[in-house]
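# Overview (structure and organization)
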Amino acid sequence: MIKTATFIKSAADKSGWIEDNMPEICFVGRSNVGKSTFINAITNQNKLAKTSSTPGKTRLLNFFEINKGEFRIVDAPGYGYAKVNINQKVAFGQMMDDYLTTRPNLVGVCMLVDMRHDPTNDDKEMYNFFKEVGLKVLIIGTKLDKLKKNDILKNEKKIKQIINFDEHDTFLKVSNTSKTNINLVYNLLVQLLNE
Ligand code: GTP
Ligand code: MG
């Protein structure tokens with residue numbers, strides 16, 4: 001389980017990355033899907049990662065150390081947020097591109113999708129990219145508490161079909177607010193690290 005989680009630093013670009021051999025798992029997904037809230041849920045800390053009901057809250061890469069050196073998780077800004085200007089979009093794209101293509105410490109990604117909605121083109125491209133470069137992906141379907149029982153399996157199926165889900169990956173449905181399945185996450189992260 002996650003016993004300790006500590007914020008280490010934020011970085012706007014390569015110069016802010018940490019130089020060591022600690023493995024990292026990056027958390028990606030559209031703005032407002034609940035990446036930061038999920039990090040708080042799995043670490044059992046209310047205010048470790050900053051969250052907001054309006055999209056675009058996370059603007060930098062934020063590095064958190066888990067279990068005193070076991071691994072790091074990296075909270076990233078969401079994509080698909082319309083209200084940022086073009087310069088911010090370019091800077092964000094560059095920052096993520098750099099990190100996802102050249103970071104030696106990156107061993108896996110945790111991609112979050114909102115269980116209520118169909119994945120967007122951005123989601124599809126992101127997942128495709130991970131598959132092309134051979135990165136292992138753990139998909140987390142968030143906001144399970146907002147779904148009617150009848151829609152749960154239906155939506156999961158649709159999401160998988162739209163992103164062309166690779167059955168070797170894991171898809172876990174969670175609720176950050178009611179904490180459904182949050183207890184299963186640590187083992188899946190460790191699996192991602194050891195695969
Ligand atoms: P950016 O930093 O903008 O990319 O967003 P984010 O993906 O980090 O989202 P954040 O964690 O800030 O959460 C966005 C909103 O969704 C907040 O109002 C959260 O309380 C809410 N939220 C997150 N997870 C859940 C969930 O599982 N269920 C419900 N009902 N709300 C959630
Ligand atoms: Mg965030």
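Residues numbered from 1 in each chain as written. Chains lettered and ligands numbered in written order. Predicted model: local features only at pLDDT ≥ 70, side-chain atom pairs only at ≥ 80, totals over all residues.

## Here's the deal with the overall build of the chain
The number of helices and strands found in the chain is 5 helices and 7 strands. The order of helices and strands in the chain, counted from the N terminus, is β-β-α-β-β-α-β-α-β-α-β-α. A globule of 195 residues ought to have a C-alpha radius of gyration of about 16 Å, and the chain, at 16 Å, matches this closely. When the backbone C-alpha atoms are referred to their principal axes, the chain occupies close to 45 × 40 × 35 Å. Counting the 195 residues in the chain, one finds 34% classified as buried. (Helix = DSSP H or I, 4+ residues; strand = E, 2+ residues; numbered from the N terminus. Rg over C-alpha atoms; globule rule 2.2 N^0.38 Å. Buried ≥ 20, exposed ≤ 12 C-beta atoms within 10 Å, placed from the backbone.)

## Notes on the site of ligand 1
Close contacts around ligand 1 come from 24 residues, with Gly 34, Ser 36, Thr 37, Thr 58 and Gly 78 the closest. Residue contributions to the shell around ligand 1 peak at 3 residues, all from helix H1 (residues 35–43). Of the residues that constitute the shell around ligand 1, the class distribution is 3 nonpolar, 16 polar and 5 charged. (Near = placed C-beta within 6 Å. Nonpolar A, V, L, I, M, F, W, Y, C, P; charged D, E, K, R; others polar.)

## As for H1
Burial within H1 is extensive, with 8 of its 9 residues counted as buried. Every buried residue of H1 is accounted for by Lys 35, Ser 36, Thr 37, Phe 38, Ile 39, Ala 41, Ile 42 and Thr 43.

## Considerations on the nonpolar core
If you look at the biggest cluster of nonpolar residues, it comprises 41 residues, and the most contacted ones within it are Cys 26, Phe 27, Ile 39, Cys 110, Met 111 and Leu 112. In terms of residue count, strand E5 (residues 106–114) provides more of this core than any other element does, 5 residues in total. (Core = buried A, V, L, I, M, F, W, Y, C linked by C-beta atoms within 7 Å.)

## Re the sheet that holds strand E3 (residues 61–66)
Strand order in this open sheet of 7 strands is E1-E3-E4-E2-E5-E6-E7, and the pairing throughout is mixed. Looking at the sheet topology across the chains shown, the edges are occupied by strand E1 (5–11) and strand E7 (170–173). Here the average twist between neighbouring strands, direction ignored, is 25 degrees. Bridging between E3 and strand E4 (residues 71–75) involves 5 bridges; their strand directions are antiparallel. Bridge pairing links Phe 64 to Ile 73 in E4. Across the sheet, helix H5 (residues 185–194) touches strand E2 (24–29), E4, E5, strand E6 (136–142) and E7, and the angle it forms with E5 is around 140 degrees. (Pairing = 2+ DSSP bridges. Axes fitted to C-alpha atoms, helices over the stretch in contact; angles between N-to-C directions. Contact = placed C-beta atoms within 7 Å.)

## Quick look at the pairing of E7
Relative to E7, E6 runs parallel, the two being bridged by 4 bridges. Bridging across to E7, Ile 139 finds its partner in Phe 171. Read as a crossover between parallel neighbours, the route from E6 over helix H4 (residues 149–163) to E7 is right-handed. (Right-handed = clockwise from strand over helix to strand, strands pointing away.)

## With respect to the confidence of the model for the chain
Scored by pLDDT, the chain comes out at a mean of 94, with 99% of its residues at no less than 70. Per-residue pLDDT, averaged within each element of the chain, yields its smallest value for helix H2 (residues 86–102) (85) and its largest for E7 (98). On the interface metric, ipTM, the complex scores 0.99, and its pTM is 0.94. (pLDDT = per-residue confidence, 0-100.)

## Here we look at helix H3 (residues 121–133)
The end-to-end C-alpha distance of H3 is 18 Å, a good match for the 18 Å that 13 residues give at a rise of 1.5 Å each. Those residues of H3 that fall on the buried side of the exposure criterion are Asp 123, Met 126 and Tyr 127. One side of H3 holds all its buried residues, which, seen down the axis, span an arc of 90 degrees. Exposed side of H3, more than 90 degrees from the buried face: Asn 121, Asn 128, Glu 132 and Val 133 are the residues found there. Those residues of H3 that are buried lie in contact with E2, E5, E6 and H4. (Expected span 1.5 Å × (residues − 1). Arc of directions from axis to C-beta.)

## Focus on the pairing of E4
On any regular strand, side chains alternate: one points to one face of the sheet, the next to the other face. Most of E4 sits out of view: 4 of its 5 residues are buried. In this sheet, E4 lies alongside E2 in parallel orientation, the contact comprising 4 bridges. Bridging from a neighbouring strand, Glu 24 pairs with Arg 72 of E4. If you look at the hairpin formed by E3 and E4, you'll find 4 residues sitting between the two strands, and Asn 67 has a positive phi there, around 50 degrees.

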